[in-house]
Amino acid sequence: MSFRVWQDKLKFNFTLRFQLVIGYWILHIVRIWDSLLLTTYFLLLTTYIMPELPEVETIRRDLSRVILQKKIINIVISKPKLIKNTSTDYFKKNLINQKITAINRRGKLLYFSLSNHKFLLIHLKMTGQLIYQDRHKIVAGGHNFPHIGPELPNKYSHIYFKFTDQSTLYFNDQRQF
């Protein structure tokens, strides 16, 4: 082997090793940066932007205590796009004059069993909230909006269900998709 070939091979080995070492450190820095970004993203997600599973269960239990066997007499829909896969007329027709016989949960999806053997499915998404109000009390669950007071319905109340005893169940949502 000539000196020139050996020198080129040495230069190649040195360059390859240098690139590998620099590449390793860059990769290591990128991994650290990615884990910091991932951690930051995870912390942002967990700073209460979506109701968690235990909270959905709490909402189910709290609402079960106050609205079971209540008959829906009216439904007000201010944002029709929140009603999925059906028209608002069909939605109202199938819910008005029906009793809520059970409230169940599957994951983060609440489903209300009705006396006509149909179901009302509700997903709170990121900022959804269900608020039950009668003359004496308010039962609320979901995203922690600012103060919930007697000013219901408010600008976030997009669907609400009136019952025969004049109590109301409001579906509030700051963001609509």
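Values in this document were obtained by computation on a predicted structure and should not be read as measured data.

Gaps left between atoms are located by rolling a probe of water-molecule size over the structure's atoms. In this model, the largest pocket occupies a volume close to 650 Å³. Considering the residues around the largest pocket, the lining is formed by 23 residues, among which L82, I83, K84, L120 and L121 are closest to the centre. Elements with a minimum of two residues in the lining of the largest pocket: helix 3 (88-95), strand 3 (109-114), strand 4 (119-123), strand 7 (157-163) and strand 8 (168-173). Broken down by element, the lining of the largest pocket gets its largest block of residues, five residues, from strand 4. Of the residues in the lining of the largest pocket, the class split is 15 nonpolar, four polar and four charged.

Here the focus is the sheet that holds strand 2 (residues 100-106). Two orientations exist for strands paired in a sheet by backbone hydrogen bonds: parallel and antiparallel. Strand order in the open sheet made by the three strands is 2-3-4, with antiparallel pairing throughout. Here the strands that pair on one side only, and so sit at the sheet edges, are strand 2 and strand 4. Each strand axis lies, on average, 20 degrees off the axis of its neighbour in the sheet, ignoring direction. Seen against the sheet, helix 2 (residues 53-67) touches strand 2 and strand 3 and runs at an angle of roughly 175 degrees to strand 2.

Another point: the sheet that holds strand 1 (residues 72-77). Read across the sheet, five strands follow the order 1-7-8-5-6 without closing on themselves; strand pairing throughout is antiparallel. Edge positions in the open sheet fall to strand 1 and strand 6 (138-142), since each of these has one partner strand only. If you compare each strand with its neighbour and ignore which way they point, the axes differ by 15 degrees on average. Strand direction decides the pairing type here: strand 1 and strand 7, joined by five bridges, are antiparallel. Of the residues in strand 7, the one forming a bridge with I72 is F163. Most of the contacts of helix 2 go to strand 6, to which it runs at about 155 degrees, and overall it touches strand 5 (128-133), strand 6, strand 7 and strand 8. Across the sheet, helix 3 touches strand 1 and strand 7, and the angle it forms with strand 1 is around 160 degrees.

Note that R60 resides in helix 2. For the pair R60 and I103, spaced 43 residues apart in sequence, the C-alpha to C-alpha distance is 6.3 Å. Leaving out residues up to four positions away in the same chain, R60 has contacts with I103, N104, R105 and L110. Of note is the side chain of R60, whose polar atom sits 3.2 Å from the backbone oxygen of I103.

What follows concerns the pairing of strand 8. For strand 8, the buried fraction is high: six of the six residues fall into the buried class. Where strand 5 lies against strand 8, six bridges are found, and the strand directions are antiparallel. Each bridged residue has a counterpart across the sheet, and for L130 the counterpart in strand 8 is F171. Summarising the sheet, strand 7 and strand 8 pair through five bridges and their orientation is antiparallel. By the bridge assignment, K162 is partnered in strand 8 with T168. Turn length for the strand 7-strand 8 hairpin, with the two strands adjacent in sequence and antiparallel, is four residues, and the turn residue Q166 shows positive phi of about 70 degrees.

Conventions adopted
Residues numbered from 1 in each chain as written. Predicted model: local features only at pLDDT ≥ 70, side-chain atom pairs only at ≥ 80, totals over all residues. Heavy atoms only, no water. 1 Å grid on protein atoms, 1.4 Å probe; cavity = no way out; pocket = protein on both sides within 12 Å on 5 of 7 lines; lining within 4 Å. Points joined across faces, edges and corners; volume = space filled by probe spheres on them. Helix = DSSP H or I, 4+ residues; strand = E, 2+ residues; numbered from the N terminus. Nonpolar A, V, L, I, M, F, W, Y, C, P; charged D, E, K, R; others polar. Pairing = 2+ DSSP bridges. Axes fitted to C-alpha atoms, helices over the stretch in contact; angles between N-to-C directions. Contact = heavy atoms within 4.5 Å. Polar contact = N/O pair within 3.5 Å; in protein donor to acceptor, adjacent residues only side chain to side chain. Buried < 20%, exposed > 50% of the residue type's maximum accessible area, 1.4 Å probe, protein only.

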